[in-house]
Amino acid sequence: MSMDEDARWLEWVTKQFESIAGEDKEIDIDEFKTALKVKESFFAERFFALFDSDGSSSISLDELLKALDLLIHGSETDKLKFLFQVYDVDGQRTHTLGSIDPDELRTVLKSCLRESAISLPEEKLDDLTLALFESADKDNSGAITFEELKAELETFPEVMENLTISAANWLKPPEQEEKKHHAPRYLTRAYWHNNSRKLLFLCLYACLSLLLFISAMLQHRQGGLWYMVAKGCGQCLNFNCTFVMVLMLRRCFTWLRATWVVRVLPLDQNILLHQIVGYAILCYTLVHTTAHVINFVQLSESSGFSLWEYLLTTRPGIGWVKGTASVTGVLLQVFICLMVLCSSTFVRRSGHFEVFYWSHLSYVWVWSLLMVHCANFWKWFVVPGLVFLLEKIVGIAVSRMGGLYVVEVNLLPSKVTHLVIKRPQFFHFKPGDYVYINIPMIAKYEWHPFTISSAPEQSDSLWLHIRSMGQWTNRLYENFRQPENQTVSPKRLATSLRNRRQLMKAQEELFSSNCNGACYVDGPYGTPTRQIFASEHAVLIGAGIGITPFASILQSIMERYRRRKQNCPNCNYSWCENIKDSDMKLRKVDFIWINRDQKSFEWFVSLLTKLEMDQADEEPEGRFLEMHMYMTSALSKNDMKAIGLQMALDLLAKKEKRDSITGLRTRTQPGRPEWGKVFQKVSEEKKGKVHVFYCGSPALAKVIKAQCEHFGFKFYKENF
């Protein structure tokens, strides 16, 4: 915090105090918790005891501000003394600096774990306490003095840096981010440079739409202004209602990603462009309808038909198929508005994906009505429509071949269902690809897209990790949780490879004889991650279940990496040769995984552990694969309620050479990544062109993309 932020924080504390304190202008322990949003009783009681300088069991505003002013404006020693007193429970009555014994330290660390939502066994808590105590107790006296704690803290520069910046962070009031006034991101040179393909494509699209609009208006200028506007919008609708379909030709796009076209056209933005064209169709439809209504009002004044006859009947004879232009136009208006409304983010993200899915299938009715409504639409539609139909036929044929069925199911933390599907011999995919899956026992006609989480080199099965977020995914999870399905539920992922093959063989026989295990897969379809092997330095960022495409990619990368790895025949020492080939140009991979809670890391810990073990002891350019784990619910090192815990976790990780939270060699970092620092480090490594691949929430995607533009990194986001 800066001095201005400290002043605002003190002002916030004062207002909180005055709003809660009674007529006596003092607050007790319960009111203190409410005022500073401190929920954990241990830290609330310690802060209260230290602030209550006269021992009256209540705090006045003067006492509170005096203590906080010391924390903010005091010296480094003053802040360290306060931290020591919080840990020294026995010294609270005398307010003197005594010593911290092992029991006090254990109590503090236990409270730190609860504050950070970390659950560890009692034995691990004892190990953490012992690691920190042995490191700090330099003279082996059985107690930690103030000087010893100060010396220990000085071995952690990042902690001391936070102490000197400001101690106001220690009590962590609700975050109030300062609004920074920057130039709009869309006006920066970096944004235009990094989005040149998309922006150029949108400019060409806008110019073509304008050209179509003007040419149609000029061709019908004899009909009056509103008739010209209606015809101009109608011509744009002919183009857009066909183009919106072209943008969803997934098989064609997957094929084009392997060609030079991917360097010219924004193929990775097809979903975004599909949405933009969809909204354009809605706008053109509304203007087209409004212009016709105004034109009908004018015609009704000079003809024998009323406005309602023009709009809702075939009597005026408008249209090339028995005067049905108006009636079909009304139906088209209803269908298009319904499709746009049901495809809105709040519908898809609120657990009602099925509403989006079924309403979007009305595109068949829209195209059929357009054929009747407009005499020229078929000319626009015929070629793309045939390609679209061919894709659908191929998809149906592929999905019905091979007799696919689920051979294993694992129910993972955070309501994640891990499906293992028998992989047919004809099914070939690239790392990061996705498929559409239909499981009749869950919903007979519904198809849903999911990323493949297994590697292409894994020839016997296909993995999908599905998080329960909507009706279909919840039904899937609950179905395999029912007692009657326990006989077909699998063993845990820790089953050995030999036993796993025996298990899969037995389950294949069980599922093949049980129609409930049948499933259908349509795909695979390509994603932006296909560009990863053309990168030199790849940064993979997964948020939560967003790790699934990177699970496949990491396995495939390490499989190719093993080809470069060399082992000494006389010992276990290994090294990696720096070989560049057409198969893989990668020189460095940074994998960043962000999770909210501890259990979420259990999804792929076994896989990540194996990847860590596969790395060579020596590499010519440093570690090939670096992992970075972040747990957002854990308090960061600049929070006093977490300083001791994070120090203990660091010490124990160095001692045991593995992280206490995940069991990996990589230390799990608390809080959220500071993207500026993360990308600055990546930039300084100079391993070649940096490509950032992201899968996760759209909100975080905007933050990461802005940082990529700042550093000149190429950004790819999963869209399907």
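The name an unreviewed UniProt entry gives the protein chain is NADPH oxidase, EF-hand calcium binding domain 5, with Dicentrarchus labrax as the organism. Its UniProt record gives the protein chain a comment under Subcellular location (unreviewed entry), which states: "Membrane".

**Some remarks on the overall build of the protein chain**
When you go through the protein chain residue by residue, the secondary structure sums to 27 helices and 16 strands. When each of the 720 residues of the protein chain is scored for burial, the buried share is 51%. Sequence separation of at least 24 residues holds for 70% of the intrachain contacts in the protein chain that already meet a minimum separation of 6. As displayed, the protein chain offers around 35,200 Å² of accessible surface, 58% of which is attributable to carbon and sulfur atoms.

**Observations concerning the nonpolar core**
Counting 90 residues, the largest nonpolar core has Phe51, Ile532, Leu540, Phe591, Trp593, Leu608 and Leu625 as its most contacted members. A total of 8 residues in this core trace back to one element, the largest contributor, which is helix H25 (residues 640-656). Within the second largest apolar cluster, 38 residues are counted, among which are Leu282, Ile336, Val340 and Cys374.

**What about H25?**
With 17 residues, H25 extends 25 Å between its outermost C-alpha atoms, agreeing within 8% with the 24 Å of an ideal straight helix rising 1.5 Å per residue. Of all 17 residues in H25, 14 are buried, a share of seventy percent or more. Just past H25, the residue Lys657 takes up positive phi, approximately 60°.

**So, the pattern of salt bridges**
Opposite charge on two side chains permits pairing when their charged atoms draw close. Scanning the model with the defined rule gives 15 salt bridges in all. The closest approach of N and O atoms between Glu626 and Lys588, which form a salt bridge, is 3.3 Å. Taken together, the residues span a long stretch of sequence, with Glu626 in strand E13 (residues 625-631) and Lys588 in strand E12 (residues 588-595) at a distance of 38 residues. Here Arg667 and Asp659 are joined by a salt bridge, their closest N and O atoms 4.0 Å apart. Taking the relative accessible area as the measure of exposure, Arg667 reaches 12% and is therefore buried. Looking at Asp659, the relative accessible area reads 1%, which means it is buried.

**Remarks on the side chain of His448**
As for its position among the elements, His448 is in strand E6 (residues 448-451). Every residue in contact with His448, bar those within four places of it in the chain, is listed here: Phe353, Glu354, Val435, Tyr436, Ile437 and Trp472.

**Focus: the packing of aromatic side chains**
Applying the stated criterion across every chain, the model contains 26 aromatic pairs. Taking 5.9 Å as the distance between ring centres and 20° as the angle between the ring planes, the aromatic pair formed by Phe51 and Phe82 counts as stacked. With Phe51 in helix H3 (residues 41-51) and Phe82 in helix H5 (residues 76-87), this residue pair connects regions lying 31 residues apart in the sequence. Here the two residues Phe51 and Phe82 agree in accessibility, since each one is buried. Seen in terms of ring centroids, Tyr363 and Phe388 are 5.8 Å apart; in terms of plane orientation they differ by 90°. Their pairing is edge-to-face. Taken together, the residues span a long stretch of sequence, with Tyr363 in helix H19 (residues 363-373) and Phe388 in helix H20 (residues 377-399) at a distance of 25 residues.

**Looking at the environment of Val108**
Within the fold, Val108 resides in helix H6 (residues 102-115). Residues Val108 and Phe43, 65 residues apart in the sequence, show an inter-C-alpha distance of 8.5 Å. Setting aside residues up to four positions removed in sequence, Val108 forms contacts with Phe42, Phe43 and Tyr87.

**Describing the sheet that holds strand E8 (residues 520-525)**
Across the sheet, 3 strands lie side by side as E6-E5-E8; this open sheet has antiparallel pairing. Single-partner strands in this sheet number two, and they are E6 and E8. Between one strand and the next, the sheet's axes are offset by a mean angle of 30°, whatever the strand orientation. Here strand E5 (residues 434-438) runs beside E8; their pairing, made up of 4 bridges, is antiparallel. Bridge pairing in E8 links Asn438 to Tyr520.

**Thoughts on the sheet that holds strand E3 (residues 406-412)**
Sheets are built from strands paired through backbone hydrogen bonds, the pairs being either parallel or antiparallel. Strand order in the open sheet formed by 3 strands is E3-E4-E7, with antiparallel pairing between adjacent strands. The outermost strands of the open sheet, each flanked by one partner alone, are E3 and strand E7 (461-467). For this sheet, the mean angle separating the axes of adjacent strands, direction not counted, is 15°. Relative to strand E4 (residues 416-422), E3 is paired through 6 bridges, and the arrangement is antiparallel. Opposite Leu412, over in E4, you have Val416 as the bridge partner.

**Concerning the packing of H6 against H25**
At a minimum axis distance of 8 Å, the contact between H6 and H25 shows a crossing angle of 105°. With respect to H25, the axis of H6 lies roughly perpendicular. Seen from H6, the contacting residues are Leu109, Cys112, Leu113 and Glu115; seen from H25, they are Lys641, Ala642, Gly644, Leu645 and Ala648.

**Digging into the environment of Asp433**
Residue placement: Asp433 occurs in the loop between E4 and E5. Along the backbone, Asp433 and Thr451 are 18 residues apart, and their C-alpha atoms lie at a distance of 6.1 Å. In contact with Asp433, not counting residues within four places along its chain, are Thr451, Ile452, Pro524, Tyr525, Gly526, Thr527 and Arg530. One polar contact links the side chain of Asp433 to the main-chain amide nitrogen of Lys430, over a distance of 2.9 Å.

**Some remarks on the pairing of E4**
For E4, a buried count of 6 out of 7 residues is recorded, marking the element as mostly surrounded by other parts of the structure. Adjacent in sequence and paired antiparallel, E3 and E4 are bridged by 3 residues, among which Ser414 carries a positive phi angle near 60°. Where E4 and E7 come together, 7 bridges link them in antiparallel fashion. Across the sheet, the residue bridging to Val416 is Arg467, located in E7.

**Some details on unusual backbone geometry**
Generally, phi is negative for residues other than glycine and the peptide bonds are trans, each holding for most cases. With omega at 5°, the peptide bond leading from Gly523 into Pro524 counts as cis. In this structure, Lys322 takes a positive phi of about 55° despite not being glycine. Position of Lys322 relative to the elements: it lies in the loop between helix H15 (307-312) and helix H16 (325-342). Positive phi outside glycine occurs at Lys657, with the angle close to 60°. Structurally, Lys657 can be placed in the loop between H25 and strand E14 (668-670).

Here is what the cut-offs are and how they apply
- Residues numbered from 1 in each chain as written.
- Predicted model: local features only at pLDDT ≥ 70, side-chain atom pairs only at ≥ 80, totals over all residues.
- Heavy atoms only, no water.
- UniProt positions renumbered as here; feature names shortened; annotations may be inferred.
- Helix = DSSP H or I, 4+ residues; strand = E, 2+ residues; numbered from the N terminus.
- Buried < 20%, exposed > 50% of the residue type's maximum accessible area, 1.4 Å probe, protein only.
- Contact = heavy atoms within 4.5 Å.
- Areas by Shrake-Rupley, 256 points an atom, 1.4 Å probe, with all protein chains shown as cover.
- Core = buried A, V, L, I, M, F, W, Y, C linked by side-chain atoms within 4.5 Å.
- Expected span 1.5 Å × (residues − 1).
- Salt bridge = Lys/Arg side-chain N within 4 Å of Asp/Glu carboxyl O.
- Phe/Tyr/Trp six-rings, centres within 6.5 Å; stacked < 30°, edge-to-face > 60°.
- Pairing = 2+ DSSP bridges.
- Axes fitted to C-alpha atoms, helices over the stretch in contact; angles between N-to-C directions.
- Parallel < 35°, antiparallel > 145°, perpendicular 65-115°, else oblique.
- Polar contact = N/O pair within 3.5 Å; in protein donor to acceptor, adjacent residues only side chain to side chain.

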